[in-house]
Amino acid sequence: MATQAIQLEADSKSRRGFLLALGAYLLWGLLPFYMKAVAHLPLAEVIAHRIVWSVPIAAAVLVWAGRTADFKAAIRSPRIISMAALTAALISVNWGIYVWAIAVDRTIETALGYYINPLVSVVVGALLLGERLDRLQIAAVVLAAIAVAVLTIDAGKLPWVSLVLAFSFAAYAFFRKTLPIGPSQGFLLEVLLLSVPALGYIIFLIVTGQDHFVSGSLNDTALLVGCGPVTAIPLLLFAFGAKLLRLSTIGIMQYIAPTIVFLIAVLIFGEPFGSTQAIAFGLIWTALAIYSWSMFRGREIRPAVR
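Residues numbered from 1 in each chain as written. Predicted model: local features only at pLDDT ≥ 70, side-chain atom pairs only at ≥ 80, totals over all residues. Heavy atoms only, no water.

For the protein chain, the name recorded in an unreviewed UniProt entry is EamA family transporter RarD, with Mesorhizobium onobrychidis as its organism. The annotation that UniProt attaches to the protein chain under Sequence similarities (unreviewed entry) is "Belongs to the EamA transporter family." Looking at the protein chain in UniProt, the text filed under Subcellular location (unreviewed entry) is "Cell membrane". (UniProt positions renumbered as here; feature names shortened; annotations may be inferred.)

K.L.:
Please explain the nonpolar core as it appears in this structure.
P.N.:
It is characteristic of soluble globular proteins that their nonpolar side chains tend to be buried jointly. Met35, Val38 and Ile284 are the most contacted members of the largest nonpolar core, which totals 77 residues. With 12 residues, helix H5 (residues 78–103) is the single largest residue contributor to this core. When residues no more than four places from it in sequence are discounted, the contact partners of Val38 are Val46, Leu223 and Cys227. Formed by 7 residues, the second largest nonpolar core is a distinct cluster that contains Ala242, Ile250, Met253 and Ala257. (Core = buried A, V, L, I, M, F, W, Y, C linked by side-chain atoms within 4.5 Å. Buried < 20%, exposed > 50% of the residue type's maximum accessible area, 1.4 Å probe, protein only. Helix = DSSP H or I, 4+ residues; strand = E, 2+ residues; numbered from the N terminus. Contact = heavy atoms within 4.5 Å.)

K.L.:
What's the story with unusual backbone geometry in this structure? I'm lost.
P.N.:
Backbone phi values are negative for most residues with the exception of glycine, while trans is the configuration of most peptide bonds. Phi at Asp105 is positive, roughly 65°, even though this residue is not glycine. Following the sequence through the fold, Asp105 ends up in the loop between H5 and helix H6 (107–129). Judged by its relative accessible area of 46%, Asp105 is partly exposed.

K.L.:
Even after reading the chapter, I still don't get the environment of Ala280, so can you show me in this structure?
P.N.:
Considering the arrangement of structural elements, one finds Ala280 in helix H13 (residues 275–296). Among residues more than four places away in sequence, those in contact with Ala280 are Ala147 and Leu151.

K.L.:
Explain a nonpolar patch on the surface here, please?
P.N.:
The grouping of Leu30, Phe33, Leu263, Leu267 and Ile268 at the surface amounts to a nonpolar patch, some 500 Å² of accessible area in total. Secondary structure elements with two or more residues in the nonpolar patch: helix H1 (2–37) and helix H12 (256–268). No other element matches H12, which puts 3 residues into the nonpolar patch. Along the chain, Leu267 turns up in helix H12. Given the relative accessible area of 65%, Leu267 is considered exposed. (Patch = residues over 30% accessible without salt bridge, like charges linked within 9 Å, V, L, I, M, F, W, Y side chains within 5 Å. Areas by Shrake-Rupley, 256 points an atom, 1.4 Å probe, with all protein chains shown as cover. Salt bridge = Lys/Arg side-chain N within 4 Å of Asp/Glu carboxyl O.)

In structure tokens, the structure reads:
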């Protein structure tokens, strides 16, 4: 009976974790619609409001979760503050490129970037953490590299949007792992650090009459305030969901968001998708299938970080 009760509790946690993570990935997948809605606003102003309006949400969740003691201890550590400043800088670069790319009709490139990201993370783990790659993982990375080469040869330049998104998020994930506090505490610390220059910039815009928050329309004000929830809610859903799921499950689910973004870009935004892009994406999807199979074989299955 005790074993059955433990199994039922584990199944319940897995279902709850799955629903939380699924909610996060669905919201991330639909995010391009919101970014299109704010595309007429200056990029820096949008990013500043994403940061500032994320703070009260992250703080409320931390209080609700009863983890304020961990956070108070973290902000007294210069080492943790400096590490959080680095991760905050990396995620702000990622956010900036993402918002800009959607505003200028390069949404397909953002989808490619987040498809490439897990493979980039594998390479980062091998190079910086000494993690061994099996033959399937090596094959997946090689196929991804070929896909990038195909796009580079066709366009005459590197697909830099995709690469910056993939590498900045991989670097963020790598350094975020070294931050010795929980995901919700870490997110609040990051946005708090970023909120200092962000709030200063917003005040400067308001004082000089260049803002869209006070001086703009009611619609613009609402959109800028909404940047906080659309940023913070999926991140927090993911943080809580990932704690309850196997790493392999998260590894498969992370393809949900870029797939939705890709479909939105092609079917709704009408961005061009020619034969070269089809070949490149075909290679990436094959690479991800191989990578996923390597996880399902149990080579990387281990409990999620708690």
